[in-house]
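# Reading the structure
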Amino acid sequence: MLNLVARNRVLMLLAVMAAACLALGFAAPGYLSAATASVILSNSLVLLLISLGTMLVILTRNIDVSSGSILGLSAATLGLSLNAGASLPLAIALCILTGVVAGAVNGLLVAYLRIPSIVATLGTLGLYRGIMLIQTGGRWIEDLPQGLKALAGGIGFGVSILTVAVLALFALAWIFLRRTRFGRYFYAVGDNRDAAHHLGVPVRRVQFTAFVASGACAAIAGLIFAAQIGFIPNQAGNGVELKAIAVNVLGGVSLLGGSGSVAGVFTAAIFLTSIDSALVFLKIPAFWNDFIAGAILLTVLLLDGRIRLLIDRRIRARRYAVHDRVPQAAETPGNHADKTLLAEASR
Amino acid sequence: MTEDTAAGRAAQLTGIWKSYGPVPVLKGVSLALQKGEVHALLGGNGAGKSTLMKIMSGLVPANAGSIEIHGEPLTHASPALAQQLGLYLVPQEAHILGNQSVLENICLGLRPSPRSLRKRVEQLIAELAVTLDLDAQAATLEIAERQIVEILRGLIRDARVLILDEPTSALTPFEVHALFQRVRKLQAQGVGIFFISHKLREIREICGTISVLRDGAVVLSGPLDTYSDAEIIDAMSRVATGDAPLASTRSGSDHGPVRLAVRKLSGEGFRDISLEVRAGEVLGLAGVVGAGRTEFSETLFGLRRQSAGSVTLDGVELIRRSPRGCIDAGLVYLPEDRQQNGLFLEAPLYWNASSYLIHRLPFLLRPGRERSLFNGFRQSMGIKCTGPGQSAKALSGGNQQKVLMAKCLSAKPKVLVLDEPTRGVDVAARNDIYALIRQLAAEGVAVILISSDFDEIELLADRVVVMAFGRLGGELTENISVDAIARLAFGAGEQAHA
């Protein structure tokens, strides 16, 4: 049982979430409804995508703190080109291209110019936000066309086309990481870079790809952001990168690289978002959100750490228990021929 | 022996030059490896063996020269390309992906999926007569198991050229035997093998050709049987052989009072270990990997918790031991894995040398004194480095080990526990370390020497205690021989399997 919980962060999160939901259902009747679920899902889309991109980077033992700025920059590109009269598909293509280029710059700095990822992306965090402000002249982008906002509208079952797109991306990422050789390389590079290099894994290409993917995810998140709220403030995406890192940690992705699953990230992002909506139902003032989210994050991690320690101790005990069976055998005289052979082998 | 023809060559290195900064490491090395040849490569610390092998396997670019593998050139430094051409390097320090399963570790980078390769891996494991849980998480593997993973990586890749960099340093004699059989089979299949080792006996057993590197150049090359051991050692070290060969250096029998007494110590991985060491005595603690020697010594040093027993140093019981408490009491431990537990690899050498004393130094450190402390050791031990400010990772294995010894000695130990002090150390540096151990014993230090290399124990120990399966397997006070040690070390184990 203990093993199951520790090995499977997703299960643990689901259990905590289920318990919390049940408690909430009692405390605030009306919380447990399809409508709430739909709201939570659509509220978490931006965080989901940023977390997914961040996860790909963290897996390779790097970090990307510029994704919030990439979100802002690509959203601004989208808004400006739409307002300049570009068609929606063209604007979306430009938006994603912006994210890919921004991610590629990150990847170039880290993988090929060997700048530590925290430093490189801290730099581009400021840089991209700055470019966005220069582009927009520091003004908010409003009056976005209806066509964009319509993307966030429901297409039945309380989901929008955006929700479907995000779910599809998660499925793709899951298949990529689980079932493809290149996906396995992500884990290998993060786990032990030297070993991966030694075994012929294209380490730099993997790192570069991770940053590009992260940039693309951030750009799509920017698109969703703009479609959902209908305008683009200067601070769009500000701070979401840190929340995404928290989601990764909560979802069981090791910051040291090499381990973590898409399912964990998905569950953790939904979990964090559902806390926000639960607080609304409980009529707790919104300024408590950060405090409660932080407290829950720490509690889960602490619990998880303790369980892991316990399991490690058990594994070790089991391994060493082998020695306890030996002494009787040792006292009986052994087969002499065998021993001679062994001594021979040792020469 | 196969004749040297271009078609018969598995690998050809021509005029390889390499320098790190202004220091040339390789000065135009040329080597030819025939198909079906096991070619021994020897060299002292800093001779350039590792660099040469790294260049061959595409890990490091050469400054000049060319490499051909089965006639095809290695056009740029890329491990992927080298493996495509059929070359694989089994490194001395295993590269492990801790989060992945053992099977995934072995098969990473190969085209077929790990699942489809499982059968073949299992077959190889059976052939090598080792035990390895393919589904275990690789982080839980011991050093020896990690090395087996590396060897399996080389074997599963169907390499046409295989480089084995000290493949036996963590293996038991039994596993070595099995590995050699496998190597012979590969040889018969026409695989060319570079075999790097410091153990002349192993080289004599398995290799047909030998090349010796010294200071970045080949100084001796040819069929192995035409050279005597003395000639080979002579070629390796510029120092005359007079002090080099492994003369027995056992000291007299009159030792001082009991320094360290361990009574019925139990803990994770071992049980009821009792032993005594006297001042000036070298006690060999032998046993195969996994016998519990490292667990025992780590518990002794307070790194792990004991479950029962007592430890007495100079008549004073050490209760609730901590590493710092042990150091202050005069019990010092040199750990087995110098990369992981021993050295601060990035830090300058003099930081390393004073690291066991750091808690005794004043709040404001005096770098000048630390440097002169290190320089003292540098001189007395012959540590090869550019200066006390050099970082430890830049040194070769033997020199790193000397720095580690210096660190231990700086604490002025009464009892020194050395865990595999010569693993991955070349013959010349090994002899330096042996001499040092002898000298320490002569100065009255009680030494516990832990080693899987039974030759080393035979050579140095005044008395031997053998551990097998976490318990005391026996004790030898006279007629210490490799055979006798092996019998005790394996006897209990063989019974347990039967």
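For the structure, check the block above.
All values reported here derive from a predicted model rather than from experimental measurement. (Residues numbered from 1 in each chain as written. Chains lettered and ligands numbered in written order. Predicted model: local features only at pLDDT ≥ 70, side-chain atom pairs only at ≥ 80, totals over all residues. Heavy atoms only, no water.)

## Considering the overall build of chain B
Check the secondary structure of chain B and you find 17 helices and 20 strands. Whereas a compact globule of 498 residues would reach a radius of gyration of roughly 23 Å, chain B reaches 23 Å, a difference of no more than 12%. Principal-axis analysis of the C-alpha atoms places the extent of chain B at approximately 70 × 55 × 45 Å. Out of the 498 residues belonging to chain B, those deemed buried represent 57%. Contacts in chain B between residues far apart in sequence, at least 24 positions, make up 67% of those at least 6 positions apart. Total accessible area on chain B stands at roughly 20100 Å², and carbon and sulfur atoms take up 52% of it. Averaging the positions of the 53 positive and the 54 negative side-chain charges in chain B gives two centres separated by 6 Å. (Helix = DSSP H or I, 4+ residues; strand = E, 2+ residues; numbered from the N terminus. Rg over C-alpha atoms; globule rule 2.2 N^0.38 Å. Buried < 20%, exposed > 50% of the residue type's maximum accessible area, 1.4 Å probe, protein only. Contact = heavy atoms within 4.5 Å. Areas by Shrake-Rupley, 256 points an atom, 1.4 Å probe, with all protein chains shown as cover. Lys, Arg positive; Asp, Glu negative; His and termini not counted. Charge placed at Lys NZ, Arg CZ, Asp CG, Glu CD.)

## Some remarks on the nonpolar core
Counting 144 residues, the largest nonpolar core has B:Leu42, B:Ile106, B:Leu162 and B:Ile210 as the members making the most contacts within it. Top element by residues in this core is helix α12 (residues 203–229) of chain A. It accounts for 13 residues. Apart from residues no more than four positions distant in its own chain, B:Leu42 is found in contact with B:Lys49, B:Ser197, B:Leu200, B:Ile203, B:Ile210, B:Ser211, B:Val212, B:Leu213, B:Ile232 and B:Met236. (Core = buried A, V, L, I, M, F, W, Y, C linked by side-chain atoms within 4.5 Å.)

## Let's talk about the sheet that holds strand β10 (residues 217–223) of chain B
Residues and elements named next belong to chain B. Strand order in this open sheet of 6 strands is β6-β7-β8-β3-β9-β10, and the pairing throughout is mixed. Where the open sheet ends on each side, the last strands, each with one partner, are β6 (87–90) and β10. For this sheet, the mean angle separating the axes of adjacent strands, direction not counted, is 15°. In this structure, strand β3 (residues 38–43) lies alongside strand β8 (residues 192–196), joined through 4 bridges in parallel fashion. (Pairing = 2+ DSSP bridges. Axes fitted to C-alpha atoms, helices over the stretch in contact; angles between N-to-C directions.)

## What about helix α8 (residues 229–236) of chain B?
The complete set of buried residues in α8(B) reads B:Ile232, B:Ile233, B:Ala235 and B:Met236. Taken end-on, α8(B) shows its buried residues confined to a sector of 160°, consistent with a single buried face. (Arc of directions from axis to C-beta.)

## Points about the sheet that holds strand β14 (residues 306–313) of chain B
Residues and elements named next belong to chain B. The strand order across the open sheet built from 4 strands is β12-β11-β14-β15, with neighbouring strands paired in antiparallel fashion. Whereas interior strands pair on both sides, the edge strands pair on one side only; in this sheet they are β12 (270–278) and β15 (316–317). Relative to β12, strand β11 (residues 258–267) is paired through 6 bridges, and the arrangement is antiparallel. What sits directly across from Ala 261, in β12, is Glu 276.

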